[in-house]
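What follows is each chain in one-letter form.
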Amino acid sequence: MNKKKTGLALAVAALAAITVGSGLAAADPAGPPQYRQLAGVGSDTTQDVMNGLADVVTVNGQKVLGSYDATGSATITTKNPATSPNCTIPRPNGSGAGRSALLTSLQSGNGCLDYSRSSSLSLGAASPGLTYVPFAIDGVSYAITPGSSIPRKLAMADLKAIYHCDPNYVGAGPNYDLTVYLPQAGSGTRSFWESQMGITETDVVAGVYPCIKDKKGTAPVQEHDGRVLDDKSIVPFSIAQYQAQSSQTIADLRGRAILGTIEGVAPTVLNTGFGVKRDVYNVIPTSKVTTSPWSDVFVGPDSGICKQSAVINTYGFATNPNCGDITKQTP
């Protein structure tokens, strides 16, 4: 990468607005029933599409999905306190935190959580076993500002050099020319981007890449919030989130952020042709893959979620040809 800015405009297609219910989906379960059979937490990336799906997926005419946002009040109450008095829990923020909270609930047998949202695949050992059920496809690009010193078109080699803190790209420390951001710890987008950049969470935490920050001041960098950016910073950003924010389908937190082009392919609606893409998942107990309502909602191409391609597309995601697959299981 040379330091010359490109003069080309970023081509970002507009997302067609499809109305789901009335206006934006609620941040936490709203409307009857207040407490749903399937309560889930986790990924910021997929919280909004799962909120939208929770409004339309039913079993025997009843809404069964409860999806709780990654951020908001400090605690959430996932089940009726009259029958489940221990289900007011800290709100998990991110895929990793959601998985951990789900495992904690399953291990205690308290029934407070029934699934988690994940924007990355993590098949490390889990007890009890978990199944990652894909339901959509997302792309991830880098976000910068229109006045950024970082070009709007980069090769993967350039991005990897930036995230390896190559001084030819980021300058010399400790006062680097660029601020290289990762989202908050526990974020699925963070772990996915690290894998794409060829860096590890262990090395990031150990300070091997000292130009990387996951805080602005003392505040953690929340994924898909472009307001963190200035003209000398970069952060990974979900294409689905960017498009849904742009179309006002969900709250617009982009600030001045624009998405960059990677390897000559611009980030586009539905993301199927973009090189840096990922499946996104709902994580369910492996023991429940044949049990209703988990099986009705999550499992197989004819499941409640997989039938809702229009809703999935409304929130900027591509439909997944492997929607409902149950082969990705933890040991």
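As shown above, the structure is provided for reference.
Described in the following lines is the structure provided in the data block.

Reading the values: rules and limits
Residues numbered from 1 in each chain as written. Predicted model: local features only at pLDDT ≥ 70, side-chain atom pairs only at ≥ 80, totals over all residues. Heavy atoms only, no water. Helix = DSSP H or I, 4+ residues; strand = E, 2+ residues; numbered from the N terminus. Polar contact = N/O pair within 3.5 Å; in protein donor to acceptor, adjacent residues only side chain to side chain. Contact = heavy atoms within 4.5 Å. 1 Å grid on protein atoms, 1.4 Å probe; cavity = no way out; pocket = protein on both sides within 12 Å on 5 of 7 lines; lining within 4 Å. Points joined across faces, edges and corners; volume = space filled by probe spheres on them. Nonpolar A, V, L, I, M, F, W, Y, C, P; charged D, E, K, R; others polar. Buried < 20%, exposed > 50% of the residue type's maximum accessible area, 1.4 Å probe, protein only. Core = buried A, V, L, I, M, F, W, Y, C linked by side-chain atoms within 4.5 Å.

## Here's the deal with the side chain of Asn-320
Positionally, Asn-320 belongs in the segment after strand S18 (318–319). Among the polar contacts listed, one links the side chain of Asn-320 to the side chain of Asp-279, at a separation of 3.1 Å. At a separation of 2.8 Å, a polar atom in the side chain of Asn-320 contacts the main-chain amide nitrogen of Asn-322. Beyond its immediate chain neighbours, meaning those up to four positions away, Asn-320 contacts Pro-134, Phe-135, Ala-136, Ile-137 and Asp-279.

## Some thoughts on the environment of His-224
Position of His-224 relative to the elements: it lies in the loop between strand S13 (219–220) and strand S14 (233–238). Spatially, the C-alpha atom of His-224 lies 8.6 Å from that of Val-235, the residues being eleven residues apart in sequence. Polar side-chain contacts of His-224 include one of 2.7 Å to the side chain of Thr-45. Reaching out from His-224, the side chain makes a polar contact with the side chain of Thr-189 at a distance of 3.4 Å.

## Re empty space enclosed by the protein
Inspection of the entire model under this criterion finds two cavities of 30 Å³ or more. Around the second largest cavity sit Pro-183, Val-221, Gln-222, Glu-223, His-224, Asp-225, Val-235, Pro-236 and Phe-237, which together line it. Split by residue class, the lining of the second largest cavity holds five nonpolar, two polar and two charged.

## Observations regarding the side chain of Gln-222
With respect to the helices and strands, Gln-222 occurs in the loop between S13 and S14. Relative accessible area serves as the criterion here: at 19%, Gln-222 is assigned to the buried category. A distance of 2.7 Å separates a polar atom in the side chain of Gln-222 from a polar atom in the side chain of Asp-44. Setting aside chain neighbours within four positions, we find Gln-222 in contact with Asp-44, Thr-71, Asn-93 and Gln-184.

## Some details on the nonpolar core
Among the nonpolar cores identified, the biggest contains 40 residues, and Tyr-142, Leu-159, Tyr-163, Val-180, Trp-193, Ile-212 and Ile-234 are the most heavily contacted of them. Only strand S8 (130–144), helix H3 (156–163), helix H4 (167–170), strand S10 (179–181), helix H5 (188–197), S14, helix H7 (239–246) and strand S15 (258–259) provide two or more residues apiece to this core. In terms of residue count, H3 provides more of this core than any other element does, five residues in total. Setting aside residues no more than four positions away along its own chain, Tyr-163 makes contact with Val-180, Tyr-181, Leu-182, Trp-193, Met-197, Ile-199, Tyr-209, Ile-212, Ile-234, Val-235 and Pro-236. In terms of nonpolar packing, the next biggest core, distinct from the first, is built from 30 residues, Ala-54, Val-64, Ile-250 and Tyr-315 among them.

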